[in-house]
Amino acid sequence: RCANRLVSARLNTVLHQLQITSEHYLGRSLKITKAFDEPRNGYTVTPSLHTEGRAAYVTLSSGRYLSNIRTLAKLAICSHADYVRNDGYDLFIAVRKQAGETEELYDFPETELMRVLPPSSKIYQTELVDFDEATNLEYPLFDGSNQDDVILDDYATLGKFKSPSSRYLRVSPMLIKCYSALQSYYVEWENRTGHSIEVNVERAFLTTEERDILIAVDDPRYLSPVLGLSMELSLNLSLVSGAAGSYPLTSLAKLAIIKCGPVFQEGGMAMGLGIYSGMIYVDARDTFRVWNPSGAYSNNYNSVTAYNNYITSLYSAATEHRMVDPDYPAQACNKADPPSLQSPSFSHTHALYADHSRSNGANECSPAYNTDYCVRSATARRAKFEYLWLETQKMYIYHNKNETMNALDGCIGECGTCMEGSIWLDKIENCNNFIHWCPFKMIPDGVVNINLFPRDNAAFRVHACNQG
């Protein structure tokens, strides 16, 4: 057994590729001067990259000119060495602690990150002790050393999501897309107004040790930070005069629901939103949840409960793709799930009933409009009609608007004494027509923003946009 010939799978791949490129570009073979190290025959070693088979000193078998070594260093980088140091006539090459025998790369919008294992001395900080191996694969660990400036998406760099006390981190691509969507909105706002607002990531990934110090077990934030599924956000308003009053955190919370809710849903998860003093907390979780320990709520609502209910309804609208970005209406409409289908050409046809023209017997019902009940309920039925018609007009109606209104009026307004006869048949006809001509799903009380639109009407789409 020769110690200096034992290497990790990742270092072996790098050295093999470097040997090939060295012979191709320099015409010389690679020579390894030092690699694996281990205790033997009374020789003790200090734990290091060498003891893990993740580092090697290499040079050329001949032609060890400084210019050739510089070229060799470039070739080592091209061979995916994670760290290269030129020591003159030798190179020091090191690799990260790769998980598995081959690279496991995870896609982000602008790059790929390799899943790693931390050194044995750091496992207690990052290990997910309550998860099996299959679940651990869902939450890969990455090495953020010397990668703070690596661009993950248009406005997201790796350094924003690291813990200040650990080079290792977990971060979900969903979280990156969420952050970039928020910052993109404020970049567009800056282009329109000339004022700059930056979304600050106050805290994202936490090591297990940090989490246990900072967050109580019964806190709704307890699980997500160690999985790389959460971030705490604030707004940097220092460059905008008087902006603090114009952009409270409730506005950021609302924007997060609109922008991030669909992102998490696309990733197969729901969203969590916490509103705290000075920041909001956003995470991906199994079921939607909103909590508001700050007690902050929009001026349009008279209580925290009412505001939280509004946020919940806004989340439903966002995840159903009913919140349209005016800058990208076609894209939004392509994803849209219309609330229900309309059948503008539908026309009710009466079923075959028994002959209702026969003479009335003593036990038969006599249809009449002017019963005491119909008279007493007339005002209430008229109010219900006006309310429903007001809500209906917030939807796009394919069928003739007046006919749709008359159908609703006949459905709600008709009142008779019998479940047969002309009054009853007219009521069935009007109700059936209205249900088919207009989506019957009405918005709940207290919700003032809605955007129901037809997918196939391009001219209308442009005017249907609603940022919430």
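As named in an unreviewed UniProt entry, the protein chain is Hedgehog N-terminal signalling domain-containing protein, taken from Elysia chlorotica.

A. Up close: the pairing of strand β13 (residues 270-276). Counting buried residues in β13 gives 7 out of 7 residues, a clear majority hidden from the surface. Of the two faces of β13, both are covered, the one formed by Ala-270, Gly-272, Gly-274 and Tyr-276 as well as the one formed by Met-271, Leu-273 and Ile-275. Sheet analysis places β13 next to strand β14 (residues 279-285), joined by 7 bridges and oriented antiparallel. The residue of β14 that forms the bridge with Gly-272 is Asp-283. Where β13 folds back on β14, the antiparallel hairpin that results is connected by 2 residues, among which Gly-278 adopts a positive phi of roughly 90°. Relative to strand β15 (residues 289-291), β13 runs parallel, the two being bridged by 3 bridges. Counted as the bridge partner of Gly-272 is Arg-289 from β15.

B. How the structure looks around the pairing of strand β12 (residues 230-236). A large share of β12 lies buried, amounting to 6 of its 7 residues. In this structure, strand β11 (residues 198-203) lies alongside β12, joined through 5 bridges in antiparallel fashion. In the sheet register, Asn-200 faces β12, and the bridge partner there is Ser-234. Taken together, the 4 bridges between β12 and β14 define a ladder with antiparallel strand orientation. Bridged to Met-231 within β14 is Val-282.

C. Molecular detail of the environment of Gly-268. Relative to the helices and strands, Gly-268 is located in the loop between α9 (249-266) and β13. Since its relative accessible area comes to 66%, Gly-268 is described here as exposed. Each C-alpha atom of the pair Gly-268 and Ala-284 lies 9.3 Å from the other, and the pair is 16 residues apart in sequence.

D. Summary view of the packing of aromatic side chains. The final tally for this structure, using the stated rule, is 9 aromatic pairs. With a centroid separation of 6.0 Å and 70° between ring planes, the pair formed by Tyr-83 and Phe-92 is classed as edge-to-face. The class of Tyr-83 is partly exposed, set by a relative accessible area of 38%. When the ring of Phe-161 is compared with that of Tyr-179, the centres are 5.9 Å apart and the planes differ by 90°; the resulting orientation is edge-to-face. With Phe-161 in the loop between β9 (156-157) and β10 (168-169) and Tyr-179 in helix α5 (residues 173-193), this pair connects stretches of sequence that are 18 residues apart. Residue Phe-161 shares its accessibility class with Tyr-179, and that shared class is buried. The structure contains a cluster of three or more aromatic residues connected by ring pairs, namely Tyr-57, Tyr-83 and Phe-92. Lying over the aromatic face of Tyr-222, Arg-211 brings its terminal NZ or CZ to 3.8 Å of the ring centre.

Calculation rules
- Residues numbered from 1 in each chain as written.
- Predicted model: local features only at pLDDT ≥ 70, side-chain atom pairs only at ≥ 80, totals over all residues.
- Heavy atoms only, no water.
- Buried < 20%, exposed > 50% of the residue type's maximum accessible area, 1.4 Å probe, protein only.
- Helix = DSSP H or I, 4+ residues; strand = E, 2+ residues; numbered from the N terminus.
- Pairing = 2+ DSSP bridges.
- Phe/Tyr/Trp six-rings, centres within 6.5 Å; stacked < 30°, edge-to-face > 60°.
- Lys NZ or Arg CZ within 6 Å of the ring centre and 35° of its normal.

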